[in-house]
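# Examination of the molecular architecture
This is what each chain is made of:
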There are 2 protein chains.
Amino acid sequence: MQRYFVKENITDQEFFLPPEIFHHAIDVMRDKVGDRFEIIGPDRQVQVVKLLSIDHSHAKGQIIQTIVHDPELPVQTTIVCGISKGDKTEKIVQKGTELGANRFIFYNSERSVAQWNDKKATKKLVRLKKISQGAAEQSHRTVIPEVLFCQNITAVFKETWQADHQVVAYEESAKQGETSQLARILQVVRKESKKQQNGETLALSAFFGPEGGFSPKEIKFFKQQNVSAVGLGPRIMRAETAPLYLLAALSFVLELE
Amino acid sequence: MQRYFVKENITDQEFFLPPEIFHHAIDVMRDKVGDRFEIIGPDRQVQVVKLLSIDHSHAKGQIIQTIVHDPELPVQTTIVCGISKGDKTEKIVQKGTELGANRFIFYNSERSVAQWNDKKATKKLVRLKKISQGAAEQSHRTVIPEVLFCQNITAVFKETWQADHQVVAYEESAKQGETSQLARILQVVRKESKKQQNGETLALSAFFGPEGGFSPKEIKFFKQQNVSAVGLGPRIMRAETAPLYLLAALSFVLELE
């Protein structure tokens, strides 16, 4: 079904189509009385609309169904990754978008084998934003995740410090048998997200190293910023797998449990 | 540290190295008194061994540490996937191994765009088994997951029907807002896995469709075999992402919560 983003929420059961939709639905799609489409307003509710009447400049629609199904994670999640080799950044954006992330930040980690200069970053971001939009459409998201680049971890914190929770996936934690910190934090996030009022948004930032892991300077930074180190189970995961594990666990706790 | 698989569990604190290890450690690796290596027996415990003495035909080792850290999921998990296009089967095996799966079964689903004949399947399995071994080594697993091919869903059930739990990720479920069946089943699996005695193994099989989803015949089969339909959250996932979501959720519930 065709889906339109509308600038203002439609609250009346019957309504005249806003001009931008009228043009597309009637002139471009050549919709007839009885045809249906979906609209999404700023409240991100998906409403199914049936066309009731059409004249030369107006068309009346009727909301016949509100789809309560919300495909967005109840927590605004930022995935921060040190730059990895090859197509790993693309895989992280594609799969991370399918799994509900709201924002991706890639940065030149001290141990990144591949570093991006400004020119390369600009080119990469164009590609990554396309991937994010494509994955958002395919997974029926109502939001297209942002993709940013930062020169280093200090610059990343200027983007993420306001988050309610910050976690860093730390390979060492898993090795030493640390197994419950992530579960503990996700339960807190779940409790807080259930208390949220309309319009409030809880934010979580999650940091991941590149293949080579974090440098001592970066680890010091995480400690200074009170970022919680979390283990992701007893197996060593590749750089591009760890963010997907975290997002799946987050979805499971917040959306299924 | 070098790791050796041994045929029988070592139970004595001090022991003579079995011949196959003696040869490799002393003749090949040229280990000296005081050097260390790891052994894993059928019980899959990783033990750190220090060399105490060496003569021309015997060497004595001492177990100085037992690594309680077990990298294997407490449930034997089989991932069953309809064959997908491109390198998706490879991604499923690579990432699924990192996430703890024990066995992969690929089958010619009725709606698979790409079908494998026996010749193609033989070639593919060689490659997939290599990927599974490489990923098992990289993620520090103690078991190399198996990879099988079946001609159709009926043949798959001959391999999987003995599992304690069988679930199928059903795109329709997520669409209709079904959100708690997976959580319910994973909690049952968790309770049962905690009751397991040494030597017992709980088994879970999880079925996933190809890009085109399941055919009515396959869906009928799942119902006949009492396979539980589970939703994986409110977003539509690609064929290769869904198994990773399930494995991450399984790990989270059984290993972190």
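Everything quoted here is computed from the prediction, not taken from an experiment. (Residues numbered from 1 in each chain as written. Chains lettered and ligands numbered in written order. Predicted model: local features only at pLDDT ≥ 70, side-chain atom pairs only at ≥ 80, totals over all residues. Heavy atoms only, no water.)

Bringing the overall build of chain A into the picture now. Each helix and strand counted, chain A has eight helices and 11 strands in total. Expressed as lengths along the three principal axes of its C-alpha atoms, the size of chain A is roughly 70 × 45 × 30 Å. Burial status across chain A gives 53% buried among its 257 residues. Long-range pairs, those at least 24 residues apart, make up 73% of the contacts in chain A between residues at least 6 apart in sequence. (Helix = DSSP H or I, 4+ residues; strand = E, 2+ residues; numbered from the N terminus. Buried < 20%, exposed > 50% of the residue type's maximum accessible area, 1.4 Å probe, protein only. Contact = heavy atoms within 4.5 Å.)

On to the sheet that holds strand E3 (residues 36-40) of chain A, then. Residue and element names in this part refer to chain A. What the five strands build is an open sheet, ordered E1-E3-E4-E5-E2; its pairing is mixed. The two strands at the open ends of the sheet, each matched to only one other strand, are strand E1 (3-5) and strand E2 (14-16). Each strand axis lies, on average, 40° off the axis of its neighbour in the sheet, ignoring direction. In the sheet, E2 pairs with strand E5 (residues 59-67) via three bridges, with the strands oriented antiparallel. Bridged to Phe-16 within E5 is Lys-60. (Pairing = 2+ DSSP bridges. Axes fitted to C-alpha atoms, helices over the stretch in contact; angles between N-to-C directions.)

With that settled, the discussion passes to the interface of chain A and chain B. One widely used convention gives an interface's size as the accessible area the parts lose upon coming together. Residue-level contacts link 44 residues of chain A with 44 residues of chain B. Counting across the interface, chain A meets chain B through six salt bridges. A salt bridge links Lys-95 of chain B to Glu-240 of chain A; the shortest N-O distance between them is 2.9 Å. Counting across the interface, chain A meets chain B through 24 residue pairs in polar contact (both at pLDDT 80 or more). Of all the elements in the fold, those that place two or more residues in the side of chain A that touches chain B are helix H2 (88-98), helix H3 (118-138), helix H5 (171-175), helix H6 (181-195) and helix H8 (242-256) of chain A. A total of eight residues in the side of chain A that touches chain B trace back to one element, the largest contributor, which is H8 of chain A. Residues belonging to the side of chain A that touches chain B are distributed by class as follows: 18 nonpolar, 14 polar and 12 charged. (Salt bridge = Lys/Arg side-chain N within 4 Å of Asp/Glu carboxyl O. Polar contact = N/O pair within 3.5 Å; in protein donor to acceptor, adjacent residues only side chain to side chain. Nonpolar A, V, L, I, M, F, W, Y, C, P; charged D, E, K, R; others polar.)

Now for the packing of aromatic side chains. Residue and element names in this part refer to chain B. The final tally for this structure, using the stated rule, is 18 aromatic pairs over all chains. With a centroid separation of 6.1 Å and an interplanar angle of 45°, the aromatic rings of Phe-106 and Trp-116 are classed as tilted. In this pair, Phe-106 sits in strand E7 (residues 103-107) while Trp-116 sits in the loop between E7 and helix H3 (118-138), placing the two residues 10 residues apart along the sequence. Residues Phe-106 and Trp-116 agree in their burial class; the two are buried. Taking 4.9 Å as the distance between ring centres and 75° as the angle between the ring planes, the aromatic pair formed by Phe-214 and Phe-222 counts as edge-to-face. Residue Phe-222 is classed as buried on the basis of its relative accessible area of 4%. (Phe/Tyr/Trp six-rings, centres within 6.5 Å; stacked < 30°, edge-to-face > 60°.)

As a further point, take the relation of the copies chain A and chain B. Of the two same-sequence chains, chain A is brought onto chain B (RMSD 0.1 Å, axial shift 0.0 Å) by a rotation of 180°. These values place the two chain copies in the arrangement generated by a two-fold rotation axis. Among all C-alpha atoms of chain A, that of Ala-249 of chain A lies closest to the rotation axis, at 2.7 Å. The overlap is high: 100% of the interface residues of chain A also sit at the interface in chain B, so the same surface is used on both sides. (Least-squares fit on C-alpha atoms with pLDDT ≥ 70 in both.)

This part takes up the sheet that holds strand E5 (residues 59-67) of chain B. Each strand in a sheet pairs with another by means of backbone hydrogen bonds, the pair being arranged parallel or else antiparallel. Residues and elements named next belong to chain B. As summarised here, the arrangement of the five strands in space is E1-E3-E4-E5-E2, forming an open sheet in which the pairing is mixed. This sheet does not close on itself; its edge strands, each paired only once, are strand E1 (3-5) and strand E2 (14-16). Pairwise comparison of adjacent strand axes, ignoring direction, gives a mean angle of 40° for this sheet.

Now for the domain arrangement of chain A. Residue and element names in this part refer to chain A. Looking at the assigned domains, one finds that chain A contains domain 1 (3-67) and domain 2 (75-256). The distance between the C-alpha centroids of domain 1 and domain 2 comes to 37 Å. Taken together, the contact between domain 1 and domain 2 spans five residues of the former and five residues of the latter. Together domain 1 and domain 2 conceal approximately 340 Å² of surface at their shared face, both sides included; 51% is due to carbon and sulfur atoms. Inspection of the domain 1/domain 2 interface yields zero residue pairs in polar contact (both at pLDDT 80 or more). Along the lines of polarity and charge, the residues of the side of domain 1 that touches domain 2 split into three nonpolar, no polar and two charged. (Domains from an automatic or database assignment. Buried area = accessible area lost by both parts, 1.4 Å probe.)

Quick look at helix H1 (residues 19-28) of chain B now. For H1 of chain B, the set of buried residues is Ile-21, Phe-22, Ala-25 and Ile-26 of chain B. Buried residues in H1 of chain B, looked at end-on, bunch into an arc of 100°, giving them a common side. (Arc of directions from axis to C-beta.)

Once that is clear, we can look at the environment of Gln-166 of chain A. All names here are of chain A. Inspection of the secondary structure puts Gln-166 in strand E9 (residues 165-169). Along the backbone, Gln-166 and Asn-226 are 60 residues apart, and their C-alpha atoms lie at a distance of 7.8 Å. Leave out the neighbours within four places in its chain, and Gln-166 touches Phe-157, Thr-160, Trp-161, Ser-205, Phe-207, Gln-225, Val-227 and Ser-228. A polar contact of 3.2 Å, which involves the side chain of Gln-166, links it to the side chain of Thr-160.

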